Amino acid sequence: MYPICRSITGNGVRDTLALISADIDLKISEVPTGTKVLDWTVPKEWNIRDAYIRNSKGERVVDFRRSNLHVLNYSAPVDRRMSLGELQPHLFSLPKFPDWIPYKTSYYRETWGFCLSHRDLERLTEQEYEVFIDSTLADGHLTFGECVIRGSSQDEVLFSCHVCHPSLCNDNLSGISIATTLARLIAQEKRRYTYRFLFAPGTIGAIVWLALNEQRAQRIKHGLVLACLGDRGGMSYKKSRKGIADIDRAVAIVLRDDADQFEISEFSPYGYDERQYCSPGFDLPVGRLSRTPHGCFPEYHTSADNLEFVDADSLADSLMKCLAVVEVLEGDGRYVNKLPKGEPQLGRRGLYSDMGGYADAREREEALLWVLNMSDGNNSLLDIAERSRLRFTAIRGAATSLAAHDLIDQAL
Amino acid sequence: MYPICRSITGNGVRDTLALISADIDLKISEVPTGTKVLDWTVPKEWNIRDAYIRNSKGERVVDFRRSNLHVLNYSAPVDRRMSLGELQPHLFSLPKFPDWIPYKTSYYRETWGFCLSHRDLERLTEQEYEVFIDSTLADGHLTFGECVIRGSSQDEVLFSCHVCHPSLCNDNLSGISIATTLARLIAQEKRRYTYRFLFAPGTIGAIVWLALNEQRAQRIKHGLVLACLGDRGGMSYKKSRKGIADIDRAVAIVLRDDADQFEISEFSPYGYDERQYCSPGFDLPVGRLSRTPHGCFPEYHTSADNLEFVDADSLADSLMKCLAVVEVLEGDGRYVNKLPKGEPQLGRRGLYSDMGGYADAREREEALLWVLNMSDGNNSLLDIAERSRLRFTAIRGAATSLAAHDLIDQAL
Amino acid sequence: MYPICRSITGNGVRDTLALISADIDLKISEVPTGTKVLDWTVPKEWNIRDAYIRNSKGERVVDFRRSNLHVLNYSAPVDRRMSLGELQPHLFSLPKFPDWIPYKTSYYRETWGFCLSHRDLERLTEQEYEVFIDSTLADGHLTFGECVIRGSSQDEVLFSCHVCHPSLCNDNLSGISIATTLARLIAQEKRRYTYRFLFAPGTIGAIVWLALNEQRAQRIKHGLVLACLGDRGGMSYKKSRKGIADIDRAVAIVLRDDADQFEISEFSPYGYDERQYCSPGFDLPVGRLSRTPHGCFPEYHTSADNLEFVDADSLADSLMKCLAVVEVLEGDGRYVNKLPKGEPQLGRRGLYSDMGGYADAREREEALLWVLNMSDGNNSLLDIAERSRLRFTAIRGAATSLAAHDLIDQAL
């Protein structure tokens, strides 16, 4: 997917969703230009075929075919000769990182421009240039895709990722790849929750989905925005607006249990599409899972966020964390101890390991005692995992054993 | 005001209030000796004209005319000859700071005494001394002053300072000077709150005011006792008994936003007149603002708390903090986002700075997003400033912009 | 008591309770084997007279008469000759501490065994051994003792200690000795609460008591499990399941006020009999007081937990802490300030020390002001001691003075 020139509308998004469809069952929706969506309007559709700046010798000194980042995303068409002075206000570079091409967009103010490395910019001499962008900005559609995996309940878990960035890898391809694989893996088992995977352009895509699904959005009981999940940094989680939602606690438990290094930060109303899901009129329990957060790595929004920047082990690790979060959400619940007075005699039931040996025997026994002690109908397994500081998987396993021995019942 | 011999009653207070009246509109009240006020009784009025200890050569070895601190405040009259041995129990000095005269009082136990530097005390030889205090303790009045600046609401903000200390500068003149200037500045604009400035003797003055205004006291929605605001130390704030009153949070925000160095401490029932305002029968939301707290600088209650000890820049800084607190109280409020579903499109409304440039553009945009996101009618701007960690002035400014663009409404 | 071979049933417990009865008024109960108690069943009674391993020369190489720890507690009888290979699975030692005999039990799985120092184990050569345990495991009783000291209220304070460990000193004799002495001291004064001291075998003893007293257990308003109170370490307290019970706060205040070094840890459902008292069906406010917690000193459950390991000063200090906790529980209460508007004039009532002198005058005055300020009927003296950071005894003393001067009333 890396070479595709994606934007918030157009064939780049369609081609991307088509590739995802090869892996998972994706429902594609198209919303016409001009449709009112909440406070916004679906913009004209943008498509681009070629773009360059040619010098007086006829050489393409800036060439869209080498990198789709070279064109200011959503540039209007242009086909003119001009001096360097006239061209200059339309050129963008990063003096601090002179070899990298910046990524810039202008979705809602019609203009055109080129992005190039600062080294290339400095090489441009005073002469007449041929400036050409073969793009169209015209009535069309905004495109997004959804994969829904039905569980036994209509309550939903949302995973949302953006699909609008062109040749950038951590910032958006990593999210797409995690979401796609996660959807495949989740579909392999019967699930309690219904899982919705949303692949949509940033901001306007989430707004479109929310506008079309105002009622259905209330079914979302837990959600994660997936972004920047492929770099070599530690995990980071940004809490939902609620701050104490189950998703916030589930991710925190998974990171506490399994991550070497992680950071959890409070909600703030800027970032990715959690901005929309957590707007006060929806206030959905949706957080954001990343490795190094956007804006905290210098490669962000430059040509250096490329295939080398993303690491297969990091992607795999991010995927495992997402799966572990799903297991917490699926496995959580409140139970009632059926023999709440005193401890039940675990030894008689073979629940106490006789005389040591197992490395994890102590954790198993502690987990049994914690679940018995806390299961008064008020505490969820997540509560118990937090309070006991034992791993959620140990608590979940203890609950399964105790239920099998008829010592606890699920609370209604 | 420095040379005036103030006490809890008498002409020293009257002369002080007369000087304040030159600057602001002050209503002076007089309450007769013997008046029952809560659990207390207004004491006899004390006035003093002269006092000295004369040695056998007729020299004034301790002389009220050199410093009014030399007399134990509220000393009964005396005119006798006595030996050093007989005089000794009536002499007070500070061995630790041998050049400083201590400040001592005996309001409610009739006695007399002299305070002097330890060096002077040690110079006294065995001989007969003429001991003379030309004071009167007689039925009279207790005097206090109030300046009230009416706002659109009857809800009041109280600023209270004590006016009973003689030639001490940080401990009480600093508070008087801040309160007077603040009253002048507040009066220059239309205000939402009514502001009450109380200039009264410590303890008994606050008790008198509360006794005379039991009903009106309930109108006080926020208040500050001002004391020790002129020294070179950092700001300090002592919370009200409630501990989470708006005044506690407003001062904390101002110090967080604007102070280099500050300390916030919990309420305790000793200190200045917050003792009375925060007694359980009133429990008013009144904290105390100081720089170095009383008792935490060695010059406290000695002749070294003089005009040099107080610093003009520190006074100005304290005044600015008080004004900033007033701006938080005036500017706070709860708002409702009128487009709460998704983010409103700020760019369309010119609320997003196009392409960078302004140093504070990022803070402005973040403030807009925070106010929009949190304005569900439950969060005040103070809440939002706390949660976002943005400056209150930025949050307040964002609310003003958003209201002007009809994006938020004041909550009822 | 040290040489007695105690277990969860049998004559060792009876002999121990008989010794306690010499000091305090103890009611002994016997519950027959086979009685259903909550989820458990009272086991067969175990008694032992002799046990040894004799080598081919007829020498007792392991001898119960030298230490009762040599026998796996609750061993079934055995009288056989066998090779070292056959004997080996029945031998237990501590390679890490080669001079110490471990303490091991097998209450609910019938087997037999010997515990010995690792050095002794290594000396055993291949030969035929005579293995003899003269024990009986037969229908009988489980025995426990209670000492109840009636107060003016039926509300109870429980002190519970286990009496089932053989020659171990810190782990269980320390608790027995503290509980016995505490009962004697508490009985010397009229008390508000009724005090119950329970001397019972660990786990099954607490379960038996709870089974027999399901209703009465609800009268327990505060409780402590006493264990490991004689070693030289600092105090440690493990909170009740509730975590914010008065007993949790009372112990915390006593340790804050009086202990040089202490640790307070959260509840967990393993440890001593707090496991049973804090099971969810009872959820009693019972914490555990120890010095070094069980399992945190290497001597734990070995022959090195002997009379030398326990220190008289530490025992005395633990006792004083228990008494101080009792004083907090007895002395706590909520009061109402009868002159809540402003401060009452303490000087007039002689409650203000005139002019300094007493070392603790400042603390006394602060305590008076805190009690007056906080006594609005909502705050207990414990609340006030916590908030003021003054010692509970100072707060309690101030309340007594203020009540004597008719300034506060006990709240209903």
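See the structure shown above.
Since we're looking at a predicted model, the values are computed, not measured. (Residues numbered from 1 in each chain as written. Chains lettered and ligands numbered in written order. Predicted model: local features only at pLDDT ≥ 70, side-chain atom pairs only at ≥ 80, totals over all residues. Heavy atoms only, no water.)

Participant: Help me out: how do you make sense of unusual backbone geometry in this one?
Facilitator: If a residue is not glycine, its phi is most likely negative; likewise, a peptide bond is most likely trans. Residue and element names in this part refer to chain C. We note that Tyr-74 has phi near 80 degrees; this positive angle belongs to a residue other than glycine. Looking at where Tyr-74 falls in the secondary structure, it is placed in the loop between strand E5 (60–63) and strand E6 (78–83). By relative accessible area, Tyr-74 is classed as buried at 2%. Positive phi, close to 60 degrees, is recorded for Arg-389, a residue that is not glycine. Tracing the backbone through its elements, the reader meets Arg-389 in the loop between helix H10 (381–388) and helix H11 (392–404). Its relative accessible area of 67% is what places Arg-389 among the exposed residues. (Helix = DSSP H or I, 4+ residues; strand = E, 2+ residues; numbered from the N terminus. Buried < 20%, exposed > 50% of the residue type's maximum accessible area, 1.4 Å probe, protein only.)

Participant: In this structure, what is going on with the interface of chain C and chain B? I would like to understand it.
Facilitator: One frequent convention defines the size of an interface as the accessible area lost when the parts assemble. Taken together, the contacts link 23 residues of chain C with 22 residues of chain B. Here chain C and chain B share an interface that buries about 2,000 Å² over both sides, 48% of which is from carbon and sulfur atoms. By the criterion of area lost to chain B, the three top residues of chain C are Lys-341, Glu-343 and Asn-373 of chain C, representing 33% of everything that side buries. Here chain C and chain B share five salt bridges between them. A salt bridge links Lys-341 of chain C to Glu-214 of chain B; the shortest N-O distance between them is 2.6 Å. With seven residues, helix H9 (residues 361–374) of chain C is the largest single contributor of residues to the side of chain C that touches chain B. For the side of chain C that touches chain B, the residue count by class is nine nonpolar, five polar and nine charged. (Contact = heavy atoms within 4.5 Å. Buried area = accessible area lost by both parts, 1.4 Å probe. Salt bridge = Lys/Arg side-chain N within 4 Å of Asp/Glu carboxyl O. Nonpolar A, V, L, I, M, F, W, Y, C, P; charged D, E, K, R; others polar.)

Participant: Quick question: what am I supposed to make of the interface of chain A and chain C here?
Facilitator: Contacts between the two partners involve 23 residues from chain A, matched on the other side by 21 residues from chain C. Between chain A and chain C lies a buried interface of about 2,000 Å² when both sides are counted; carbon and sulfur atoms form 48% of it. The three residues of chain A that bury the most area against chain C are Lys-341, Glu-343 and Asn-373 of chain A, which together make up 33% of that side's buried surface. Joining chain A to chain C, the criterion identifies five salt bridges. Where chain A packs against chain C, one counts 15 residue pairs in polar contact (both at pLDDT 80 or more). Among the elements that take part in the side of chain A that touches chain C, helix H9 (residues 361–374) of chain A stands out by supplying seven residues, more than any other. Classifying every residue of the side of chain A that touches chain C gives nine nonpolar, five polar and nine charged. (Polar contact = N/O pair within 3.5 Å; in protein donor to acceptor, adjacent residues only side chain to side chain.)

Participant: How should I be thinking about the pairing of strand E13 (residues 220–226) of chain B in this particular structure?
Facilitator: Successive residues of a regular strand alternate their side chains across the two faces of the sheet. Residues and elements named next belong to chain B. For E13, the buried fraction is high: six of the seven residues fall into the buried class. As defined by bridge partners, strand E11 (residues 156–162) adjoins E13 across five bridges and the pair is classed as parallel. Bridge pairing links Glu-156 to Ile-220 in E13. (Pairing = 2+ DSSP bridges.)

Participant: Where do I start with the relation of the copies chain C and chain B in this structure?
Facilitator: Each copy of the sequence occupies a distinct position, and chain C is placed on chain B by a rotation of 120 degrees and an axial shift of 0.1 Å, giving an RMSD of 0.1 Å. A rotation of that kind, with that shift, is consistent with a three-fold axis. Identified as the residue of chain C closest to the rotation axis by C-alpha distance is Ile-244 of chain C, at 13 Å. (Least-squares fit on C-alpha atoms with pLDDT ≥ 70 in both.)

Participant: Just checking my understanding: could you explain the packing of aromatic side chains for this structure?
Facilitator: Centre-to-centre distance and the angle between the planes together describe a pair of aromatic rings. Summed over the entire model, instances satisfying the criterion amount to 33 aromatic pairs over all chains. Aromatic pair Trp-40 of chain A and Tyr-108 of chain A: ring centres 5.6 Å apart, planes at 65 degrees, arrangement edge-to-face. With Trp-40 of chain A in strand E3 (residues 40–41) and Tyr-108 of chain A in the loop between strand E7 (91–92) and strand E8 (114–115), the pair connects residues that are 68 residues apart, well separated along the chain. Trp-40 of chain A gets classed as buried once you look at its relative accessible area, which sits at 8%. Look at Tyr-108 of chain A and you get partly exposed, because its relative accessible area is 40%. Judged by centre distance (5.0 Å) and plane angle (35 degrees), the ring pair of Tyr-52 of chain B and Phe-132 of chain B falls under tilted. Placement of Tyr-52 of chain B in strand E4 (residues 45–54) and of Phe-132 of chain B in strand E9 (residues 128–138) is noted, with a sequence separation of 80 residues between them. We note that Tyr-52 of chain B, like Phe-132 of chain B, is buried. (Phe/Tyr/Trp six-rings, centres within 6.5 Å; stacked < 30°, edge-to-face > 60°.)

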